[in-house]
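Chain residues, written in single-letter form:
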Amino acid sequence: MSGDAPRERRTGGGAAGAVAVAVDRGVCIGAGQCALTAPEVFTQDDDGFGQVLPGREDGHGSALLREAVRACPVSAVSLRTGG
Ligand code: SF4
């Protein structure tokens, strides 16, 4: 066997086109657009900063996820796709 290993798939989700969502708190200004646009994925903490709901880092299959990313006025929401 050679040393070339096939790409590993991350566990969890299992859906094609897995994504990883994150909010950069250093950039976020607390506009709340992410939580308004995709409340099933984002919320706001006590200080008003956006955050990804626990367990929803995979985007939860939300059709509004990309809209939420676009809605953020300071591009604090990152969306990484893989798979
Ligand atoms: S939309 Fe952007 S700036 Fe507003 S709370 Fe969400 S991450 Fe923060």
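The structure under discussion appears in the preceding block.
All residue numbers refer to positions counted from 1 along the written sequence of the respective chain. Given that the model is predicted, a residue must reach a pLDDT of at least 70 before its local features are reported, and side-chain atom pairs must reach 80 or more before they are shown or counted; all residues, however, enter totals for whole chains, interfaces and linings. To get the side-chain values, take all heavy atoms of the structure and skip hydrogens and water.

Novice: Looking at this structure, I do not really get the overall build of the protein chain. What am I missing?
Specialist: Secondary structure elements are taken from DSSP: a helix is a run of H or I of four residues or more, a strand is a run of E of two residues or more, and numbering for both begins at the N terminus. Along its length, the protein chain carries 2 helices and 4 strands. When the helices and strands of the protein chain are placed in sequence order, the string is β-α-β-β-α-β. Accessibility here uses a 1.4 Å probe with only protein chains present; expressed as a share of the type maximum, an area under 20% marks a residue as buried, one over 50% as exposed, and anything in between as partly exposed. Going through the 83 residues of the protein chain one by one, you find that 25% of them count as buried. Restricting the contact set of the protein chain to residue pairs at least 6 apart, pairs at least 24 apart contribute 56%. For the protein chain, the computed accessible surface area is about 6000 Å², with 48% contributed by carbon and sulfur atoms. We call two residues in contact when some of their heavy atoms are within 4.5 Å. All accessible-area figures derive from a Shrake-Rupley calculation using a 1.4 Å probe, and residue coverage is judged against the displayed protein chains alone.

Novice: How should the pattern of salt bridges be read in this particular structure?
Specialist: Where charged atoms from two side chains of opposite charge approach closely, those side chains can pair. By definition here, a salt bridge exists when the distance from a side-chain nitrogen of Lys or Arg to a carboxyl oxygen of Asp or Glu is within 4 Å. In the structure shown here, the tally under the stated rule is 2 salt bridges. One salt bridge in this structure joins Asp45 and Arg25, with 2.6 Å as the shortest N-O distance. Remark: Arg25 occurs in the loop between strand S1 (19-23) and helix H1 (33-37) and Asp45 occurs in the loop between strand S2 (42-44) and strand S3 (50-52); sequence separation between them is 20 residues. Note on Asp45: relative accessible area 16%, which makes it buried.

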